[in-house]
Amino acid sequence: MSAPEATGAPQAGAEPGTKFVCVARSGQVPDGYVRRFYADSLELCVARFAGKAYATSNYCTHLDCLLSSGKLVDDGIGCSCHGSVFDLETGEPVCPPATEPIKTFPVREEDGQIYVGVTPEDIATGGPRRRKPVR
């Protein structure tokens, strides 16, 4: 697979330096589903709810479980490990046990492709959150 393409200027509300990277074809994320994709080394959770695509960091802030293994619920994305739920728009936790928000990213769809807005800082600091084992 070739490297994802970056496109265009940031949309309104996007951070300075944001580049939109093609992460998936629109059909790869049907309504009501959650999938894992990457923007460079940044692991993302991409979901479609009520016809709109969303992108968030892929790890729950409670115990680092994969959100892309979770399910969409009325309030947002539910973590499969302990039931935390996060708002897809803001990343704020709406159901415990998580108390810290997840990162959300701007998304746009063009010509059957899903583009996620990321900054160089997102790529550099947003890699896998898996904790190293304690020795």
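Use the structure listed above.
Note that this is a predicted model, so its numbers are computed, not measured. (Residues numbered from 1 in each chain as written. Predicted model: local features only at pLDDT ≥ 70, side-chain atom pairs only at ≥ 80, totals over all residues. Heavy atoms only, no water.)

Peer 1: So what exactly am I meant to see when it comes to the state of the cysteines here?
Peer 2: Working definition: the covalent bond between the sulfur atoms of two cysteines is a disulfide. Within the structure shown, the criterion is met by one disulfide. The disulfide partner of cysteine 65 is cysteine 81, and the gap between their sulfur atoms is 2.0 Å. As the torsion about the S-S bond is roughly -105°, the cysteine 65-cysteine 81 disulfide counts as left-handed. Linking cysteine 65 in the loop between strand S5 (52-57) and strand S6 (71-73) with cysteine 81 in the loop between strand S7 (76-78) and strand S8 (85-86), this pair joins segments that are 16 residues apart in sequence. Relative accessible area serves as the criterion here: at 11%, cysteine 65 is assigned to the buried category. Residue classification places cysteine 81 among the partly exposed residues on the basis of a relative accessible area of 40%. (Disulfide = S-S within 2.5 Å. Helix = DSSP H or I, 4+ residues; strand = E, 2+ residues; numbered from the N terminus. Buried < 20%, exposed > 50% of the residue type's maximum accessible area, 1.4 Å probe, protein only.)

Peer 1: So what exactly am I meant to see when it comes to the pairing of strand S12 (residues 113-118) here?
Peer 2: Looking along a regular strand, one sees side chains alternate from face to face of the sheet. The buried count for S12 comes to five of six residues, which makes it a mostly enclosed element. Alignment of strand S2 (residues 19-25) against S12, held across six bridges, turns out to be antiparallel. Among the inter-strand pairings, lysine 19 is bridged to a residue of S12, identified as valine 118. Pairing of strand S11 (residues 107-110) with S12 involves four bridges; the strand directions are antiparallel. Bridging from a neighbouring strand, glutamate 109 pairs with isoleucine 114 of S12. (Pairing = 2+ DSSP bridges.)

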